[in-house]
Protein chains: 2
Amino acid sequence: MDYFQKSIELHKKLGGKISTELKTDIKNSDDLSTVYSPWVAEPCRVIAKEEEKAYEYTMKGNTVAVISDGSAVLGLGNIGAKASLPVMEWKCALFKKFGWLNAIPIVLDTQDTEEIIKTVKNIAPWLGWINLEDISAPRCFEIENRLKAELNIPVFHDDQHGTAIVCLAGLINALKITGKDKEEIKVVVNGVWAAGVAITNLLVQYGIKDIVVVDSNGTIYAGREKLNPTKEMLTSITNTACVLDPGSKKCIKWGLEEAVIWRDVFIGVSVAWALTKEMVASMNDDPIIFALANPSPEIMPDIAKQAGAKIVATGRSDFPNQINNVLVFPGIFAGALKNRVSQITDNMKLHAAQALANAVENPSVDKIIPHPFDKGVADIIAESVK
Amino acid sequence: MDYFQKSIELHKKLGGKISTELKTDIKNSDDLSTVYSPWVAEPCRVIAKEEEKAYEYTMKGNTVAVISDGSAVLGLGNIGAKASLPVMEWKCALFKKFGWLNAIPIVLDTQDTEEIIKTVKNIAPWLGWINLEDISAPRCFEIENRLKAELNIPVFHDDQHGTAIVCLAGLINALKITGKDKEEIKVVVNGVWAAGVAITNLLVQYGIKDIVVVDSNGTIYAGREKLNPTKEMLTSITNTACVLDPGSKKCIKWGLEEAVIWRDVFIGVSVAWALTKEMVASMNDDPIIFALANPSPEIMPDIAKQAGAKIVATGRSDFPNQINNVLVFPGIFAGALKNRVSQITDNMKLHAAQALANAVENPSVDKIIPHPFDKGVADIIAESVK
């Protein structure tokens, strides 16, 4: 039986990857009176007077919603709400497995930004935390920012921030191994969807000074035509030392082929096979390649190595150095719920990345970040949130 | 420690009455590949092509949402979303305990009819069934009817239909015991909120011909001023043989005191202490009293008995004959999900009530309906849905 068939059979057998269970058995009328009528009225009355008590007396204190509109699911694209459900259930299962949190998959029958915001706000009272998942860019930025501003519970778009934290953790160790300095290195980020934007922002926060960002149309720079607001924002923090056209005094637009030359680090969150052997060879010595497109990376690790790459990371579990969000989201949510923080700040993300990098005892070219099944990773991340 | 304190302590200890759990463990990278990337893509692709497969491959096939806006919670009234959560969690726990279904409590931060409808429609893709709970009348009628019409999954307002089914089941056995005939009896229903309307409708469907409905303002009849649309509808099926005013030729408005005289059955879904000893004494011989207000009934069972009541039922678990929705909702949802019915019809409700009545082997004045912990009740109800 091949893997596809195996996955179908498992999904069919389980009928959903998570279930809800009672935390206390209800054995007789006395139990029924305590958990329900008439005595349940008492916690209701207390919460009615003091809303915060919902964190103590109900599941609000340990519950995450994994919310998606099915618009940007894995490499499958816009497959809609119902078809995205197996992925959201998986995510919920991992929240439980690695973060001991209750997580509920909520997939939405709308892809309208305003309607998504309204719907999520309407269902927020029973939730401790909102994890946005697989919502396409640039809508995901608006949705996350608005929900952050308008709700008093943490909102986290994992495709952005989870990916950015693991990516930075890997990069911290990769720099250590190659002896490169964060203030000196030259980075190119290929792909300006959710992950690419968040990675770029976090690298800048970390203190990396020279980043060039490339979309399918070429490098992004101040003055390039028809940039959306997110890309416009990126022009102020990236590609600030571009090659100027002597005539117009504007940056010259390069393709990826030119943009990677003499760079130290390539981070691809783009599409399969975007990076060629020749491009790797054109980079600085000991280049670091993060080819994170899934399931097919921008370049295969063995090809990149042949072309001179010192360290290669991918999104896949069948190669070393998997940049996997599961290293971060269970722990960061558990820590945030425990410490009742209302927002994940850039500072917390930097701490989490550093803690994750430190969790690898002896970093090597084939082990720049922990493995998902390494013990204690979620605890380390949860601790770092403080 | 008193019961109030006991309930608070339990809620605090549990931090929510339900949790989410993995249905299969994730032990290693191979498991991770099967439940997640890359192989989870396969069930996603299948569902994208054929939506119905979501019932097989995801939790949709066995998941109920218990949805409330916190506007009419127990006897507590409009306490809002967060404060209603302990009740909704309880309900979810009972779905699991008695119906083996996953149930998620979703409490809403809006009490606007249109917003509730929109929000519920937006979150429907992952749900097998929607159970509306503790939403105040008359908004609950509009919300339920619209969702029924606009969604293709079953929508059930348990405060209405669950109560009506259990109530009819109890009445069927009460009539058997007292030898009263459904076509001859005179019924008075006191209280015209969600439960009162649904009970009246189901009794009419069952074949009871003479029902008088009373709200806080008196009897409801054709031509009474300022009736809302629901009450207006009731005038065509109840109080059709009212006493006419000789001058105006309109029905004379009676208070409950006059309306109960010579009636065989009193069904109260109203407020504490609404029914006096004297009113019971004014009814026909062997009157049947369902005093369902919670936690304090319309009349205490011992007082009603002293005044001549033959059979008394209440909503409480500390008296015999508890009219408890838990006898119905787990089974009816389980049966409907199993048989993939898209709506619960009046016919199904009548079948469920009859099956529940039949489940009592030897009905007696103190046992007109099963006890929640009697074995097999949910199965009997589930079977009746076919």
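Draft legend 1. Seen up close, the packing of helix α6 (residues 113-122) of chain A against helix α7 (residues 139-150) of chain A. All names here are of chain A. Two elements in contact, α6 and α7, have axes whose closest approach is 10 Å; the angle formed by their N-to-C orientations is 35 degrees. Remark: the crossing between α6 and α7 carries right-handed chirality. Contacts between α6 and α7 involve T113, E114, I116, I117, V120 and K121 from the first element and R139, E142, I143, R146, L147 and E150 from the second. Of the residues assigned to the contact of α6 with α7, the class counts are five nonpolar, one polar and six charged.

Draft legend 2. Summary view of the interface of chain B and chain A. Between chain B and chain A, the residue contacts involve 90 residues of the former and 90 residues of the latter. Between chain B and chain A, a total of about 9,100 Å² is buried, with carbon and sulfur atoms accounting for 67% of that surface. Interface area lost by chain B to chain A is led by T20(B), K23(B) and K82(B), which between them contribute 8%. Seen at the junction of chain B and chain A, the total is 39 residue pairs in polar contact (both at pLDDT 80 or more). If you list the elements that add at least two residues to the side of chain B that touches chain A, you get α1 (3-14), β1 (18-22), α2 (29-35), α3 (41-49), α4 (54-57), α5 (81-99), β3 (102-107) and α6 (113-122) of chain B. With twelve residues, α5(B) is the single largest residue contributor to the side of chain B that touches chain A. Looking at the side of chain B that touches chain A residue by residue, the classes come out as 47 nonpolar, 22 polar and 21 charged. Summarising the sheet, strand β1 (residues 18-22) of chain A and β1(B) pair through five bridges and their orientation is antiparallel. Bridging across to β1(B), L22(A) finds its partner in I18(B).

Draft legend 3. Summary view of the environment of P43(A). With respect to the helices and strands, the residue P43(A) is situated in helix α3 (residues 41-49). For P43(A), a relative accessible area of 0% translates into the label buried. Remark: the alpha-carbon pair of P43(A) and V66(A), spanning 23 residues in sequence, is separated by 27 Å. Setting aside anything within four residues of it in sequence, one finds P43(A) in contact with Y57(A), S7(B), I8(B), H11(B) and P86(B).

Draft legend 4. Representation of the sheet that holds strand β2 (residues 63-68) of chain A in the model. Residues and elements named next belong to chain A. One open sheet holds the four strands; their spatial order is β3-β2-β4-β5, and the pairing between them is parallel. The outermost strands of the open sheet, each flanked by one partner alone, are β3 (102-107) and β5 (155-157). With direction set aside, neighbouring strand axes in the sheet form an average angle of 25 degrees. Here helix α8 (residues 158-178) sits on the sheet and contacts β4 (129-132) and β5; the angle it forms with β5, its principal contact strand, is near 75 degrees.

Draft legend 5. Representation of the pairing of β3(A) in the model. Residues and elements named next belong to chain A. Summarising burial for β3: six of the six residues are buried, a large majority. Burial of β3 is two-sided: the residues N102, I104 and I106 facing one way and the residues A103, P105 and V107 facing the other way are all buried. Pairing analysis gives six bridges linking β2 to β3, with the strands arranged parallel. Each residue of the ladder has a partner; that of I67, found in β3, is I106. As a crossover connection, the stretch from β2 through helix α5 (residues 81-99) into β3 is right-handed.

Rules of the game
Residues numbered from 1 in each chain as written. Chains lettered and ligands numbered in written order. Predicted model: local features only at pLDDT ≥ 70, side-chain atom pairs only at ≥ 80, totals over all residues. Heavy atoms only, no water. Axes fitted to C-alpha atoms, helices over the stretch in contact; angles between N-to-C directions. Helix = DSSP H or I, 4+ residues; strand = E, 2+ residues; numbered from the N terminus. Left-handed = near helix turned anticlockwise from the far one by under 90°. Contact = heavy atoms within 4.5 Å. Nonpolar A, V, L, I, M, F, W, Y, C, P; charged D, E, K, R; others polar. Buried area = accessible area lost by both parts, 1.4 Å probe. Polar contact = N/O pair within 3.5 Å; in protein donor to acceptor, adjacent residues only side chain to side chain. Pairing = 2+ DSSP bridges. Buried < 20%, exposed > 50% of the residue type's maximum accessible area, 1.4 Å probe, protein only. Right-handed = clockwise from strand over helix to strand, strands pointing away.

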